[in-house]
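The chain contents come next:
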Amino acid sequence: MKAHFKRPFSQYVKKARKPLQLAIEDAVEEVCANPDLGEAKLGDLAGIWVHKFKFQRQEYLMAYRPPSVEQRRQSAEVSCW
């Protein structure tokens, strides 16, 4: 599955140090392999999912919008913020 990144997310990853970049890349690959990995948000944020991962005792949250079931059949992309 292909990932599409929003500009603020891309800028954050670009400015981060290399070990953190690799940890983020691993987390993105996990989400692309299994979009139902995170937790769904409720209310105003319905449709947004959050995947938590730790790096050097710091917890990071990555918000994303998984493709719908129909889009999954067409090998859609995951959007990360």
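A. Focus on the overall build of the protein. Within the protein, the secondary structure is distributed over three helices and five strands. Each helix (α) and strand (β) of the protein, taken in turn from the N terminus, gives the series β-α-α-β-β-β-α-β. Counting the 81 residues in the protein, one finds 32% classified as buried. Once local pairs closer than 6 in sequence are excluded, the contacts in the protein between residues at least 24 apart make up 41%. Carbon together with sulfur atoms contributes 49% to the accessible area of the protein, which is approximately 6000 Å² in total.

B. Layout of helix 2 (residues 18-33). The first and last C-alpha atoms of helix 2 sit 23 Å apart over 16 residues, in line with the 22 Å expected at 1.5 Å per residue. Looking only at helix 2, the buried set comprises Leu20, Gln21, Ala23, Ile24, Ala27, Val28, Val31 and Cys32.

C. Molecular detail of the nonpolar core. In terms of nonpolar packing, the biggest core is built from 14 residues, with Phe9, Leu20, Ile24, Val28, Phe53 and Met62 touching the most fellow members. Every element with two or more residues in this core is listed here: helix 1 (7-15), helix 2, strand 3 (49-55) and strand 4 (58-65). Take this core: its biggest share by element is seven residues, from helix 2.

D. Structural context of unusual backbone geometry. The backbone of glutamine 56 sits at a positive phi, close to 50°, despite the residue not being glycine. Here glutamine 56 is to be found in the loop between strand 3 and strand 4. At arginine 57, a position not held by glycine, the phi torsion is positive, near 65°. Topologically, arginine 57 is positioned in the loop between strand 3 and strand 4.

Cut-offs and rules
Residues numbered from 1 in each chain as written. Predicted model: local features only at pLDDT ≥ 70, side-chain atom pairs only at ≥ 80, totals over all residues. Heavy atoms only, no water. Helix = DSSP H or I, 4+ residues; strand = E, 2+ residues; numbered from the N terminus. Buried < 20%, exposed > 50% of the residue type's maximum accessible area, 1.4 Å probe, protein only. Contact = heavy atoms within 4.5 Å. Areas by Shrake-Rupley, 256 points an atom, 1.4 Å probe, with all protein chains shown as cover. Expected span 1.5 Å × (residues − 1). Core = buried A, V, L, I, M, F, W, Y, C linked by side-chain atoms within 4.5 Å.

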